[in-house]
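# Survey of secondary and tertiary structure
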Amino acid sequence: MIQTENLTKIYNGNTAVDGLNLTVGEGEIFGFLGPNGAGKSTTILMLTGMIEPTTGRCLVDGIEVAKDPLAVKKIIGYLPEDVGFYGNLTAEQNLDYFARFYGMSAGERKARIAELLGLVHLDGVTQKAGEYSRGMKQRLGLAQALINDPKVLFLDEPTANLDPEGVREYRDLIIALAGEGKTIFVSSHILSEVRAVCRTIGLLVEGKLVTKGTLGDVARMLAPSDSSTIRIVIETVEQLPDLDDPGIIAIERSGNRAVIRAATDIRDRLSALLLEQGMHIREMRVEEPGIEDVFMAIYRR
Ligand code: ADP
């Protein structure tokens, strides 16, 4: 459904996207993962026909985007990172404004807008868009991206700055849309975010695709190598006692909290140790490596 062939974008001598070859099948939820500045937004701008590639090409549903951007725009929806609306219009008025671009009749627009407002839980909201929370704006953005019932949806960092409740609602919506057969291309710099919804993942670093595969393939690649360590974060109600366990490589303590670097997951032993000493554990978790750590690990291999 989405295909790029040596897709490249150079801005004033700087290569933002570097010979990208990518295929995303119909109905996939594809996670386009990479640190800030990796070239994710630039790729999406080329795929949506907002900018032209320097070299190479991209196709959506078999249509070459740079050759027929209008045909592509009819079958795609796009939610930019910073979505903008008319602040003094309601959700319905904003959506009606966009629906008119697709030549829908008044009746079609009314029905479609009512359906979308229900889908994104903005039905019955009378406030104007300028008064919306970030989460409400994102949901309205999603409704806008869906106005033409697109086959392919491009979402650029859709959960950035959303609160946990907003993120959950958003994930459910994305999964429901994929269930309708839409192809969804989501960019993110947050590994756990992509992992939560995407079935296939591509990793982009400095404009280049480092790897692409199913969630399982990429998870295996991202799994800590033998020589790597895990971070365990512990927080207790009382002041933490000394922790003595052969698995601990390093420990940073501050008051009731400790961040432990260990060779393996020794949470069971640590919690037994703390319980023995009558400590009350508030939290104990393994911290996911940051995206930069993950990329560094892949580079080293
Ligand atoms: P991401 O979305 O992964 O954060 P971007 O696609 O926004 O990455 O940016 C990739 C690189 O291209 C960055 O180095 C960025 O500074 C540069 N870049 C992005 N847009 C422009 C532009 N309009 N003009 C010049 N450089 C740009």
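Here we summarise the structure given alongside this text. (Residues numbered from 1 in each chain as written. Predicted model: local features only at pLDDT ≥ 70, side-chain atom pairs only at ≥ 80, totals over all residues. Heavy atoms only, no water.)

## Some details on the overall build of the chain
Helices and strands together make up the secondary structure of the chain, namely 10 helices and 14 strands. Judged by the C-alpha coordinates and their principal axes, the chain covers about 70 × 45 × 35 Å. Put simply, the chain has 301 residues, and 47% of those count as buried. For the chain, contacts bridging at least 24 residues in sequence account for 65% of all contacts bridging at least 6. Summed over its atoms, the accessible surface of the chain is roughly 14800 Å², and 49% of this surface lies on carbon and sulfur atoms. Side chains of the chain give 33 positive and 42 negative charges; the mean places of these two sets differ by 4 Å. (Helix = DSSP H or I, 4+ residues; strand = E, 2+ residues; numbered from the N terminus. Buried < 20%, exposed > 50% of the residue type's maximum accessible area, 1.4 Å probe, protein only. Contact = heavy atoms within 4.5 Å. Areas by Shrake-Rupley, 256 points an atom, 1.4 Å probe, with all protein chains shown as cover. Lys, Arg positive; Asp, Glu negative; His and termini not counted. Charge placed at Lys NZ, Arg CZ, Asp CG, Glu CD.)

## Concerning the sheet that holds strand S6 (residues 76-79)
With respect to topology, six strands assemble into an open sheet ordered S6-S7-S8-S3-S9-S10, the strand pairing being mixed. Two strands bound the open sheet, and with one partner strand each, they are S6 and strand S10 (208-214). When strand polarity is set aside, the average angle formed by the axes of neighbouring strands in this sheet is 15°. Two elements, strand S3 (residues 29-33) and strand S8 (residues 183-188), share five bridges in a ladder whose sense is parallel. In the strand pairing of S8, glycine 31 is matched with valine 186. Sitting on the sheet, helix H5 (residues 134-145) touches S6 and strand S7 (152-156), and the angle it makes with S6 is about 160°. (Pairing = 2+ DSSP bridges. Axes fitted to C-alpha atoms, helices over the stretch in contact; angles between N-to-C directions.)

## A look at the site of the ligand
Around the ligand sit Tyr11, Ala16, Pro35, Asn36, Gly37, Ala38, Gly39, Lys40, Ser41 and Thr42, and those are all the residues in its vicinity. For the ligand, an oxygen atom lies 2.7 Å from a polar atom in the backbone of glycine 37. Here alanine 38 contributes a backbone N or O atom positioned 3.1 Å from an oxygen atom of the ligand. Notes on the ligand: free accessible area 560 Å², of which the protein chains cover 56%. (Near = heavy atom within 4 Å. Polar contact = N/O pair within 3.5 Å; in protein donor to acceptor, adjacent residues only side chain to side chain.)

## Overview of the packing of helix H3 (residues 91-99) against H5
Direction vectors running N to C along H3 and H5 enclose 30°, while the axes themselves pass 10 Å from each other. Judged by the angle between their axes, H3 and H5 are roughly parallel. Remark: the crossing between H3 and H5 carries right-handed chirality. Listed contacts from H5 to Ala91, Leu95 and Phe98 of H3 are Leu140, Ala143 and Gln144. (Parallel < 35°, antiparallel > 145°, perpendicular 65-115°, else oblique. Left-handed = near helix turned anticlockwise from the far one by under 90°.)

## Section: the environment of glycine 278
For glycine 278, the position within the fold is in the loop between helix H9 (267-276) and strand S14 (281-287). Between the C-alpha atom of glycine 278 and that of glutamate 238, which follows or precedes it by 40 residues, the distance is 9.6 Å.

## Topic: the environment of tyrosine 102
On the secondary structure map, tyrosine 102 appears in the loop between H3 and helix H4 (106-119). In the structure, tyrosine 102 is positioned 46 residues away from asparagine 148 in sequence and 6.9 Å away in space, judged by C-alpha atoms. Excluding residues within four positions of it along the chain, tyrosine 102 makes contact with Lys73, Lys74, Ile147 and Asn148.

Interpretation in functional terms is not warranted from these geometric data alone.
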